[in-house]
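# Residue-level structural notes
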Amino acid sequence: MNEWNHLLFNLNAMTVYRGLLRDKGIAALLALIKEEEGSSQAACKMAGHYAGLLDVLQRSGLSLCDYIYHAALYDDNLFTRMAAAGEAIPTHLAGAVKHDLRALSGLAYLTPEKLKELCCMRMPALRAEIHALPEFKTGHHHYFADERDWGNELQALVSFYQENGSGSHACYQVAAADEEIMRCLFEQCEPWVQEYLCAKLKELWTKEAACIQK
């Protein structure tokens with residue numbers, strides 16, 4: 001079994017985080033890896049999967065590993081709900097969670113170079129076009145995780161859910177906490193700094209509103 005089949009096998013064997021297979025970005029990446037070599041139609045599909053992945057990442061503003069870690073962190077599943085409720089995590093469930101997190105991390109640290117190498121192997125005649133495709137950010141910029149093994153994140157995740165709840169509730173709690181921190185920092189600024197920041201925010205909001213109207 002080659003490394004790509006090994007990765008696909010582990011991802012398809014996920015149980016606790018199985019819902020993430022329907023995530024738009026993850027689904028596009030999996031489709032790209034699964035796409036077989038062959039006709040020009042297959043090449044177009046491959047390009048579409050790659051473009052779909054980049055579109056999702058660009059809209060999120062996250063690197064690939066941060067995007068997948070974010071998806072896992074705020075996933076609502078049996079493990080996250082039990083952890084948020086302070087219930088003991090059974091050994092069999094903890095094992096399943098570790099398996100799924102390891103599978104997801106195998107996907108998360110793929111690089112544009114690695115994916116292009118795969119595409120070139122399947123479509124050697126399109127090597128120049130493949131290497132000309134745009135790339136995406138790699139590495140952690142927003143989250144910190146054990147890059148060797150996300151299975152080692154289990155206890156940290158339990159603590160996170162106990163403090164913030166699970167799923168969308170956790171996402172709201174973290175956002176609210178970030179907003180409170182920003183408010184406190186804003187209040188500590190000099191008046192002229194506050195005035196400058198308010199003007200900049202107003203400018204950004206005005207531009208965003210204009211883009212939406214278009």
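Look up a bit, the structure's there.
Sequence order as written defines residue numbering, which begins from 1 separately in each chain. The predicted nature of this model means local features are confined to residues of pLDDT at least 70 and side-chain atom pairs, given and counted, to a pLDDT of 80 or more, with totals for whole chains, interfaces and linings taken over all residues. Water and hydrogen atoms play no part in the side-chain values, which are based on all heavy atoms of the structure.

With that settled, consider the nonpolar core. Core analysis: the largest hydrophobic core is formed by 61 residues, its most contacted members being Tyr17, Ile33, Phe79, Leu104, Leu107 and Leu115. Helix numbers and strand numbers start at the N terminus; a helix is a DSSP run of H or I with at least 4 residues, a strand a run of E with at least 2. At the level of secondary structure, the elements contributing two or more residues to this core comprise helix H1 (3-12), helix H2 (24-34), helix H3 (40-60), helix H4 (64-73), helix H5 (78-84), helix H6 (91-108), helix H7 (112-122) and helix H9 (154-164). Sort the elements by how many residues they give to this core and H6 lands first, with nine residues. Pairs of residues are marked as contacts when any of their non-hydrogen atoms sit within 4.5 Å. Discounting chain neighbours no more than four positions away, the residues touching Leu115 are Trp4, Leu29, Leu32, Ile33, Tyr50, Leu53, Leu110 and Phe136. Definition used in this section: a nonpolar core is a set of buried Ala, Val, Leu, Ile, Met, Phe, Trp, Tyr and Cys residues joined via side-chain atoms within 4.5 Å. Relative accessibility decides the category of a residue: with a 1.4 Å probe and only protein chains considered, values under 20% of the type maximum give buried, values over 50% give exposed, and everything between is partly exposed.

The next subject is the side chain of Arg122. Locating Arg122 in the fold gives a position in helix H7. The term polar contact refers here to a pair of N or O atoms within 3.5 Å; inside protein, the definition further demands a hydrogen-donor-capable atom paired with an acceptor-capable atom, and it admits residues adjacent in sequence only when both atoms are side-chain atoms. At a separation of 2.6 Å, a polar atom in the side chain of Arg122 contacts the main-chain carbonyl oxygen of Ile33.

Note on aromatic contacts: the rings of Phe and Tyr and the six-membered ring of Trp form a pair at centre separations within 6.5 Å, being stacked when their planes are under 30 degrees apart, edge-to-face when over 60 apart, and tilted otherwise. Applying the stated criterion to the full structure yields six aromatic pairs. Ring geometry for Tyr74 and Phe160: centres 6.1 Å apart, planes at 70 degrees, overall edge-to-face. Separated by 86 residues along the polypeptide, Tyr74 in the loop between H4 and H5 and Phe160 in helix H9 bring together distant segments of the chain. The exposure class of Phe160 is buried, given its relative accessible area of 18%. Taking the centre distance of 5.8 Å and the plane angle of 75 degrees together, the rings of Tyr109 and Trp150 count as edge-to-face. Of the two residues, Tyr109 sits in the loop between H6 and H7 while Trp150 sits in the loop between helix H8 (127-131) and H9, which places them 41 residues apart along the sequence. For Tyr109, a relative accessible area of 25% translates into the label partly exposed. Connected via pairs of aromatic rings, a cluster forms that spans Tyr69, Tyr109, Tyr143 and Trp150.

In this analysis, the expected span of each helix is defined as 1.5 Å times one less than the number of residues it contains. The first and last C-alpha atoms of H6 sit 25 Å apart over 18 residues, in line with the 26 Å expected at 1.5 Å per residue. For H6, the complete set of buried residues consists of Leu93, Ala94, Ala96, Val97, Asp100, Leu101, Ala103, Leu104, Ser105, Leu107 and Ala108. Tucked inside the fold, the buried residues of H6 contact H1, H2, H4, H5 and H9.

By definition here, a salt bridge exists when the distance from a side-chain nitrogen of Lys or Arg to a carboxyl oxygen of Asp or Glu is within 4 Å. On inspection of all chains with the given rule, the structure shows six salt bridges. The salt bridge involving Asp55 is made with Arg59; its shortest N-O contact spans 3.0 Å. Here the residue Asp55 and the residue Arg59 both occupy positions in helix H3, the gap between them amounting to four residues, near one helical turn. A relative accessible area of 70% means that Arg59 is categorised as exposed. Notably, a salt bridge pairs Glu135 with Lys116, separated by 3.2 Å at the nearest N-O pair. You can see Glu135 sitting in the loop between H8 and H9 and its partner Lys116 sitting in helix H7, a full 19 residues away along the chain. Given a relative accessible area of 45%, Glu135 falls into the partly exposed group.

Turning to the state of the cysteines, a few remarks are in order. Working definition: a disulfide is two cysteine sulfur atoms within 2.5 Å of each other. Considering all chains together, one arrives at zero disulfides under this definition. Of all cysteine sulfurs in the structure, the one in Cys120 sits closest to Cys119, which takes part in no disulfide; the separation is 7.0 Å. Judged by its relative accessible area of 3%, Cys119 is buried.

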